[in-house]
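Each chain is listed here by its residues.
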Amino acid sequence: MTQTLTAPATPPARKGGGGARPPRSGSRRPGWTPWLYLAPALVVLAGLLIYPVYQLGLISVLEYTQAQVSGGEPTSFQGLGNYRTLFADPQFWQVLTATVVFAALCVLSTLFVGCAFAVLLTRIRALPRLALLIASLGAWATPAITGSTVWMFLFDADFGPVNRLLGLGDFSWTYGRYSAFALVLLEVVWCSFPFVMVTVYAGIRAVPAEVLEAASLDGASQWRIWRSVLAPMLRPILLVVTIQSVIWDFKIFTQIYVMTDGGGIAGQNLVLNVYAYQQAFASSEYSLGAAIGVVMLLLLLAVTLVYLRLMRRQGEEL
């Protein structure tokens, strides 16, 4: 005899919403728990970032020179007076233009060399690839002051091997404005391209091999594969390395200061960071130096906001 099992009938829901409803997933708010976990990091960030930025902005609107630092004169509020003085100085605009042009050339050169080496890493065997990675990461890990000193020796007018190899005699790379900027640019690219190379190489390795094989079977050249296949697929990665390179190269200090002896002859190789240092510490105009720092902060903040907007437009999680 077969026994039939029947499920108990579900009682009908009463009118008026008196029945219990199952909780919906995601309807429960997390409350303050995440902020409690983030509190230690936020305190550290406030101490290391927010307070220094506040002090920078405060000094930029005060009359703050060596007299105020030593206590000989009281500090007075200048408002936007320091910014008016800064913007009325023709040297500031010359330095700003030189900084923008120099940073743009550094970024373009770094991206070109880094992407070229990233593609090269996908074309060579394991042992040469390992050697190239180790050499590149060694350049990336070298401190800026050490790398600048080594490059100064390599291109020295009296003892540098580069001049002897090229037959340039006692040619001084740091005497002329453009040759000095070119020398610093080479050093910046040398120590910066490994980051682009490793990042782009990782992105290329993530591209499905079938896509590249299909492009090769269609007769596409390596340049066409990069332009039409790899570059569109690597656009988020290229955007990240571009923005980061802009931020790094825009605020270069060590390479310019070491390789041009503080900004070159008569300040011909000044960039904003070195110019701010000269105003603040060489001339004891701390308020003007702080104003230059605020201008740099606003420019880099604008670049960062553009980066975030582009990322959101592409549907990336922020």
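Procedures and definitions
Residues numbered from 1 in each chain as written. Predicted model: local features only at pLDDT ≥ 70, side-chain atom pairs only at ≥ 80, totals over all residues. Heavy atoms only, no water. Helix = DSSP H or I, 4+ residues; strand = E, 2+ residues; numbered from the N terminus. Buried < 20%, exposed > 50% of the residue type's maximum accessible area, 1.4 Å probe, protein only. Contact = heavy atoms within 4.5 Å. Areas by Shrake-Rupley, 256 points an atom, 1.4 Å probe, with all protein chains shown as cover. Axes fitted to C-alpha atoms, helices over the stretch in contact; angles between N-to-C directions. Parallel < 35°, antiparallel > 145°, perpendicular 65-115°, else oblique. Left-handed = near helix turned anticlockwise from the far one by under 90°. Nonpolar A, V, L, I, M, F, W, Y, C, P; charged D, E, K, R; others polar. pLDDT = per-residue confidence, 0-100.

> I'd like a description of the overall build of the chain, backed by residues and values.
Counting its secondary structure elements, the chain contains 14 helices and 2 strands. Relative to its 318 residues, the chain shows a buried fraction of 32%. Across the chain, the fraction of contacts at a sequence separation of at least 24, relative to all contacts at a separation of at least 6, is 66%. For the chain, the exposed surface amounts to about 20400 Å²; the carbon and sulfur share of it is 65%.

> Break down the packing of helix 5 (residues 126-141) against helix 8 (residues 177-205) for me, with residues and values.
Packing of helix 5 against helix 8 brings their axes to within 7 Å, and their N-to-C directions diverge by 135°. For the element pair helix 5 / helix 8, the angle class is oblique. Between helix 5 and helix 8 lies a crossing whose hand is left-handed. Where helix 5 approaches helix 8, its residues Arg 129, Leu 133, Ser 136, Leu 137, Ala 139 and Trp 140 are matched on the opposing element by Trp 190, Cys 191, Phe 193, Pro 194, Phe 195, Met 197, Val 198 and Tyr 201.

> For the packing of helix 13 (residues 272-282) against helix 14 (residues 286-313), give the residues involved together with the corresponding values.
One way to put it is that helix 13 packs onto helix 14 with a least axis distance of 6 Å and a crossing angle of 160°. Viewed along their axes, helix 13 and helix 14 adopt a mutual orientation that is roughly antiparallel. In the crossing of helix 13 with helix 14, the sense of the turn from one axis to the other is left-handed. Residue-level contacts link Leu 272, Asn 273, Tyr 275, Ala 276, Gln 279, Ala 280 and Phe 281 of helix 13 to Tyr 286, Leu 288, Gly 289, Ile 292 and Met 296 of helix 14. A class-by-class count of the residues in the contact of helix 13 with helix 14 yields 9 nonpolar, 3 polar and no charged.

> Can you lay out the confidence of the model for the chain for me, pointing to particular residues and giving the numbers?
As a note on interpretation, predicted positions should not be read in detail where pLDDT is low. Chain-level pLDDT for the chain is 85 on average; 89% of the residues reach the 70-or-more range. This model gives residues 1-8 a pLDDT under 50, and the stretch forms 0 contacts once residues within four places in sequence are excluded.

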